[in-house]
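Architecture at a glance
Below, each chain spelled out in residue letters.
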Amino acid sequence: MSATELQPDGVATESSGEPSAVAAGIDGPRPLPQLGAYAVPETFGYRLKSRLLGSPLDTEALEHERLGNPTALAIFASDCISSSAYASEEILRVLVPAVGIAAFSLLVPITVSMLVVLFFLTLSYRETIKEYPSAGGAYIVTLDNFGIIPAQVAGVALLTDYILTVAVSTAAGVAAIASAFPEVGSFVLPLSLLSVLIIAYGNLRGLRESGSMFRVPTYFFMLMMAIMFGIGFFRMAIGDLPHASVHNHALLPFGTVGGGVLMGASLFKILHAFSSGGTAVTGVEAISNGVPAFRKPEWKNARKTLMFMSLILGSLFLGLSVLASHMHVAPYQSGYPTVIAEVARLVFGPSIGGKIAFYAFQAGTMLILLMAANTSFADFPRLASFHAGDNFMPRQLTKRGHRLQFSNGIIMLAVAAALLLLVTDAKVDHLIPLYAIGVFLSFTLSQAGMARHHIRKKEPHWRKGIFVNGMGALLSFVVLVVFAVTKFTHGAWFIILLVPLMVMLLVRLNRQYESEQVELKEDAMAAATAPIMRRHVALVFVNELDSSAARAILYARTLMPDELRAVHIAVDTERADQLRDQWAGLAISRIPLELMECPDRRVTKAAVDLVAAELDGETEVSVLLPRRVYRRWWHRLLHDSTAEQIALAVGRLPHANVTTVPFQFERVPTKVDYDASSHTH
Amino acid sequence: MTAQSFSAEFPTNVSAGFPAVAGRTTPIGEVSWRSDVIVSGRVRTMRILPSEGSPTLELTVYDDTGGITAVFTGRTALPGVALGSHIELMGRAGIRRGYLALLNPRLTIQPSGSHGSGHP
């Protein structure tokens, strides 16, 4: 330790043979070499990742970007507003086969009733934004007011819906392309999968400059909608709007019109249609999840943006429903052209300008739908990281990846959405029955949580708060029940089963994590001060007498164990004899060589038996495994992995400690090399 | 600059001041032994040597040219200094474990992001 003494005056440090002599040359000591100056080659996987995703980002680069309201609107609203692209169509899909042409008369009233729900949800979320301006949304609100298990329900419900948002939005986005170019129609599934892949890739790389990227599609879509409405309502006012042909065999088959207020539709059908329209309000929660991203005062800006978003969604949804019902635009069986595309096509007309406007409109629809899918790629990983942080989901989800994104969450979402697209053949109407149940479940829980919050805190205006959030909770609950009942047989059963199953799984996972932690933390102090074992035996596993074995023996000698032995598990007795002869002729023969028979060729079993024989409660055993380090990944394929298997098996024994001793085929420069080279000049 | 100085909190063996180096920062790679220097860089490692009587805290500080060890005797932590902090050190270059080191240097904490990353 004498070399570690600090001598500002430089006296008496240069006793030869001390480590200090390595760096302290004639000019005295040198600065420390840069960390990372030794060029350990990166693995193939890492190089591939760096090539694909770009260079890794420092944690410091994790900046907190504040968004102005217009940008925030563009980012958070794309999910919400984009649902207007398919909500009206989904209502018609239920009504047209049931009541035929009367569906067009029922469309607007059903839309309006959905807007009532939207109105109350907006008011409710205004409260949430003010009371919980931190990130986390429904999960945090439910956690705070109802406890950890209901929070899991709310979270899982939202997570499943984020998966569905990706699936529905990409499918609908591709349907928008197919509406403009029917030739694309047969490639809807592969194109949807490709879109998911591209969006996932973009998110893994990290969309840093997302602000401006988001603004363009969202506002472009709004602009195109505004133009379409302007022309549409003008032509409607002057009675110039054409009617769509209802006699087309590609359309959904028309039902027959009945009498009465509901025109023959059963109340069940009406409710079913209503619940299909409920997909429109998904995404309303997005702003409440991201309040910290707003400029100060965050909650006021977030509230303002929320009002704008709801207003825009409401007018788009209503406007489209009015135009569709006026022109009798019915959905097609194949899913494309979509109702929104048909409305645009009829409004813009067959002229050249109309055609151009129509294509631009379709581009806008597609872009905003893909943006909506992208929003989920921001929300899902973050929510999953909250779950994982509370020990309810695998820990890996809390880790930020190469580019500071929650990479594992992104991959999980992409895989789940892709599976869903495969199962449903990327058909929007197959996905819709699964959609929105989760969102309304989390609406219900978080609004009820808000009502409870008002009761507990009794802050100013708490009575008003209870009314607003209570209404929000009640309405969401009613819609939820309507969803569950009317869409049960169409696929909703899947979500109704999935959510409780997932929650059970998460709770089970949580118990596992908690019990692990108890075991690790209990008696940690006692374990740290426990007396050490009396004896230390080192066993070097030798397969043949080669350089890697020699290196492992050299290393074992530096451990200075009480007993050191080389052991060989003899699968092949001839080879064992050969090794014994070689050993006898060597200088290192002072180290005993032990041969162990292995008649059943189970090397791992023999290794475990051998090590276990040393364990007597007073002995620590070090098992040293020479391990070859290959320079290329495929070199490894040329050899078996017996050493790894031995390490795994022996590592299960108490007080058996496995160390691998690497042998590099091509030496990596070390610190000694640095010091040597810095001395030469 | 909003930097806080902790120089008053612990004794330094070079308290006489540095007229020769006042205000000038030396790249760590150019620090010569036994000279009075001001260096600045990023804290990349911390080593705590617990001891009954006098614990010691060792930091290694790197800039783009090299690294230097800073030894603070009698402490296990420096308030405001964490891994990744940018600090400025003033002291006389000595030796520890064969490499350049500063014993109880005068320490100034710099606002983050004011200097280079210290990465090679």
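Across its full length, chain A holds 26 helices and five strands. Considering chain A as a whole, with its 681 residues, one finds that 44% of them fall into the buried category. Here the contacts in chain A between residues at least 6 apart in sequence split such that 81% fall between residues at least 24 apart.

Turning next to the packing of helix 7 (residues 148–180) of chain A against helix 19 (residues 492–521) of chain A. All names here are of chain A. At a minimum axis separation of 9 Å, helix 7 and helix 19 run at an interaxial angle of 130°. With respect to helix 19, the axis of helix 7 lies oblique. Read as a crossing pair, helix 7 and helix 19 show a hand that is right-handed. Residues Ile 149, Gln 152, Val 153, Val 156, Ala 157 and Thr 160 of helix 7 pack against Ile 495, Leu 498, Val 499, Met 502, Val 503, Leu 506 and Val 507 of helix 19. Its residues placed into classes, the contact of helix 7 with helix 19 shows eleven nonpolar, two polar and no charged.

With that settled, the discussion passes to helix 15 (residues 407–424) of chain A. All names here are of chain A. Counted at 1.5 Å a residue, the expected span for helix 15 with its 18 residues is 26 Å, and the 26 Å between its end C-alpha atoms agrees. Those residues of helix 15 not exposed but buried are Ser 407, Asn 408, Gly 409, Ile 410, Met 412, Leu 413, Ala 414, Ala 417, Leu 420, Leu 421 and Thr 424. Where the residues of helix 15 are buried, they touch helix 7, helix 8 (188–205), helix 14 (352–389) and helix 16 (428–431). In the segment just after helix 15, Asp 425 is the residue with positive phi, at about 60°.

On to the nonpolar core, then. Residue and element names in this part refer to chain A. Residues Leu 95, Ala 167, Ala 171, Val 343 and Leu 413 are the most contacted members of the largest nonpolar core, which totals 157 residues. In terms of residue count, helix 7 provides more of this core than any other element does, 21 residues in total. Among all residues touching Ala 171, those that are not within four sequence positions of it are Ser 192, Leu 421, Ala 426, Lys 427, Val 428 and Leu 431. Of all hydrophobic cores here, the second largest spans 31 residues; its members include Ala 566, Leu 579, Leu 593 and Cys 598.

Let's shift gears to the environment of Gln 110 of chain B. Tracing the sequence through the fold places Gln 110 of chain B in strand 6 (residues 106–110). C-alpha separation for the pair Gln 110 of chain B and Leu 49 of chain B, spaced 61 residues apart in sequence, amounts to 25 Å.

On to the sheet that holds strand 5 (residues 656–664) of chain A, then. All names here are of chain A. The five strands are arranged 3-2-1-4-5 in an open sheet whose pairing can be described as parallel. Of all the strands in the sheet, just strand 3 (593–597) and strand 5 have a single pairing partner and so form its edges. The average undirected angle you get between the axes of adjacent strands in this sheet is 30°. Contacts from helix 21 (residues 547–558) reach strand 1 (535–541), strand 2 (563–570), strand 4 (619–629) and strand 5, with the element oriented near 145° to strand 4.

Residues and elements named next belong to chain A. Look at helix 5 (residues 103–131) against helix 10 (residues 267–277): their axes get within 10 Å of each other, and the N-to-C directions meet at 55°. Here helix 5 is positioned oblique relative to helix 10, judged by the angle of their axes. Viewed along their axes, helix 5 and helix 10 form a crossing whose handedness is right-handed. Residue-level inspection shows Ile 110, Thr 111, Ser 113 and Met 114 of helix 5 in contact with helix 10, the latter providing Ala 273, Phe 274 and Gly 277.

On to the confidence of the model for chain A. All names here are of chain A. Across chain A, pLDDT averages 84, with 89% of residues at or above 70. Averaged pLDDT values over the elements of chain A bottom out at 44 in helix 1 (residues 20–23) and peak at 94 in strand 1. Predicted confidence is poor over residues 1–23, with pLDDT under 50, and the contacts of this stretch with residues over four places away or in other chains come to 45 contacts.

Here we come to the environment of Thr 71 of chain A. Residues and elements named next belong to chain A. Tracing the backbone shows Thr 71 in helix 3 (residues 69–82). Looking at Thr 71, the number of C-beta atoms within 10 Å reads 21, which means it is buried. C-alpha of Thr 71 to C-alpha of Met 213: the two residues are 142 residues apart in sequence and 9.6 Å apart in space.

The next thing to look at is the environment of Arg 535 of chain A. All names here are of chain A. Checked against the element boundaries, Arg 535 lands in strand 1. Owing to 13 C-beta atoms within 10 Å, Arg 535 belongs among the partly exposed residues under this scheme. In this structure, the C-alpha to C-alpha distance between Arg 535 and Leu 107, residues 428 residues apart in sequence, is 84 Å. Look past the residues within four positions of Arg 535 in its chain and what remains in contact with it is Asp 562, Glu 618 and Thr 619.

Thresholds, definitions, all that
Residues numbered from 1 in each chain as written. Chains lettered and ligands numbered in written order. Predicted model: local features only at pLDDT ≥ 70, side-chain atom pairs only at ≥ 80, totals over all residues. Helix = DSSP H or I, 4+ residues; strand = E, 2+ residues; numbered from the N terminus. Buried ≥ 20, exposed ≤ 12 C-beta atoms within 10 Å, placed from the backbone. Contact = placed C-beta atoms within 7 Å. Axes fitted to C-alpha atoms, helices over the stretch in contact; angles between N-to-C directions. Parallel < 35°, antiparallel > 145°, perpendicular 65-115°, else oblique. Left-handed = near helix turned anticlockwise from the far one by under 90°. Nonpolar A, V, L, I, M, F, W, Y, C, P; charged D, E, K, R; others polar. Expected span 1.5 Å × (residues − 1). Core = buried A, V, L, I, M, F, W, Y, C linked by C-beta atoms within 7 Å. Pairing = 2+ DSSP bridges. pLDDT = per-residue confidence, 0-100.

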